[in-house]
Amino acid sequence: MNEPLYQLIYVSVIAPDAHPTCVADIIRTSRANNSLHGITGLLVFDGGRFCQYIEGAEDAVRRLSDAICEDPRHEQFIVLHAGPFDGPRLFSDWSMGYALSHEEASLPGLALLRGLPAVAGLQGLIPVLDLEP
Ligand SMILES: Cc1cc2nc3c(=O)[nH]c(=O)nc-3n(C[C@H](O)[C@H](O)[C@H](O)COP(=O)(O)O)c2cc1C
C-alpha cells in the first residue's frame, strides 16, 4: 500500500540580521532531522529569498512547517500550497536538496503562484538550478 503523502511549499525572505552561515546550518539540521521523520524535499535560496518544498506524512510535514514558520532566521513566510497528493514523492532522493538560484526573477515569480501551479513552478525551475544532492 502506498503511504498517504502531504506536500507543502512556501516562500520567505532571509532575516536582515541572519548570520551569513545560517543557510549552511539550516541544510545540515534539515538533512539530519528530515531523514528521521520521513521528510524529503528541496530548499532553493537566491541570496535573499527562500522557497522550500517538503513532503511526507501529514503530521510530520505540519509539525515541521510550524517549526520553520517560527524560525527567526527568516520572515514573510507565505504558504503557496499545502495538501495531500498521490505519490510518488517528487524528491525521494533528497532528505533536503539544496540549490542556489542565480536567476533574480525566479523566486519572486514563484511567490506569485498559489496551489498546485506553485509546485509545478518549482519543478520547472529544476533544470536551471545548481542542485546538489
Ligand atoms: C528556510 C528554513 C528552512 C528550514 N528547513 C528545515 C527542514 O527542512 N528541516 C528541519 O528539521 N529544519 C528546518 N529548518 C530549521 C527549523 O526551523 C528548526 O530550527 C529546526 O527544525 C530545529 O531542529 P533541532 O530541534 O534539531 O535544532 C529550516 C529553517 C529555515 C529558516
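The structure we're discussing is the one just above.
Figured I'd write up the structure that's included with this text. Just so you know, these numbers come straight off a predicted model, no measurement behind them.

1. A closer look at the state of the cysteines
Line of reasoning, step 1. In this structure the tally under the stated criterion is zero disulfides.
Line of reasoning, step 2. Sulfur of Cys51: no disulfide; nearest cysteine sulfur belongs to Cys69 and is 15 Å away.

2. Quick notes on the pattern of salt bridges
Between side chains of opposite charge, a pair can form as their charged atoms come close.
Line of reasoning, step 1. Applying the stated criterion to the full structure yields six salt bridges.
Line of reasoning, step 2. Arg28 is paired through a salt bridge with Asp25; the nearest N and O atoms lie 2.7 Å apart. One end of the pair, Arg28, and the other, Asp25, are both in helix H1 (residues 22-36), three residues apart, so they sit about a helical turn from each other.

3. Observations concerning the pairing of strand E3 (residues 49-56)
Line of reasoning, step 1. The buried fraction of E3 is high, at seven of eight residues.
Line of reasoning, step 2. Where strand E1 (residues 5-14) and E3 come together, eight bridges link them in antiparallel fashion. Across the sheet, Val13 pairs through a bridge with Arg49, a residue of E3.
Line of reasoning, step 3. What sits between the antiparallel neighbours strand E2 (residues 40-45) and E3 is a turn of three residues, in which Gly47 has the positive phi angle 100 degrees.

4. Regarding the packing of aromatic side chains
Line of reasoning, step 1. A complete count under the given rule lists four aromatic pairs for this structure.
Line of reasoning, step 2. Counting every residue linked through ring pairs, the aromatic cluster contains Tyr53, Phe91 and Trp94.

5. Let's talk about the site of the ligand
Line of reasoning, step 1. In the vicinity of the ligand there are 15 residues, among which Ser30, Asn33, Asn34, Gln52 and Asp71 approach most closely.
Line of reasoning, step 2. In the environment of the ligand, a nitrogen atom lies 2.8 Å from a nitrogen or oxygen atom belonging to the side chain of Asn34.
Line of reasoning, step 3. Contact with the protein chains removes 74% of the 620 Å² of surface that the ligand exposes when unbound.
Line of reasoning, step 4. The set of elements that each furnish at least two residues to the shell around the ligand consists of H1, E3 and helix H2 (58-69).
Line of reasoning, step 5. Broken down by element, the residue count for the shell around the ligand peaks at five residues, all from H1.
Line of reasoning, step 6. Looking at the shell around the ligand residue by residue, the classes come out as seven nonpolar, six polar and two charged.

Definitions and limits used
Residues numbered from 1 in each chain as written. Predicted model: local features only at pLDDT ≥ 70, side-chain atom pairs only at ≥ 80, totals over all residues. Heavy atoms only, no water. Disulfide = S-S within 2.5 Å. Salt bridge = Lys/Arg side-chain N within 4 Å of Asp/Glu carboxyl O. Helix = DSSP H or I, 4+ residues; strand = E, 2+ residues; numbered from the N terminus. Buried < 20%, exposed > 50% of the residue type's maximum accessible area, 1.4 Å probe, protein only. Pairing = 2+ DSSP bridges. Phe/Tyr/Trp six-rings, centres within 6.5 Å; stacked < 30°, edge-to-face > 60°. Near = heavy atom within 4 Å. Polar contact = N/O pair within 3.5 Å; in protein donor to acceptor, adjacent residues only side chain to side chain. Areas by Shrake-Rupley, 256 points an atom, 1.4 Å probe, with all protein chains shown as cover. Nonpolar A, V, L, I, M, F, W, Y, C, P; charged D, E, K, R; others polar.

These values are about where atoms sit, not about what they do.
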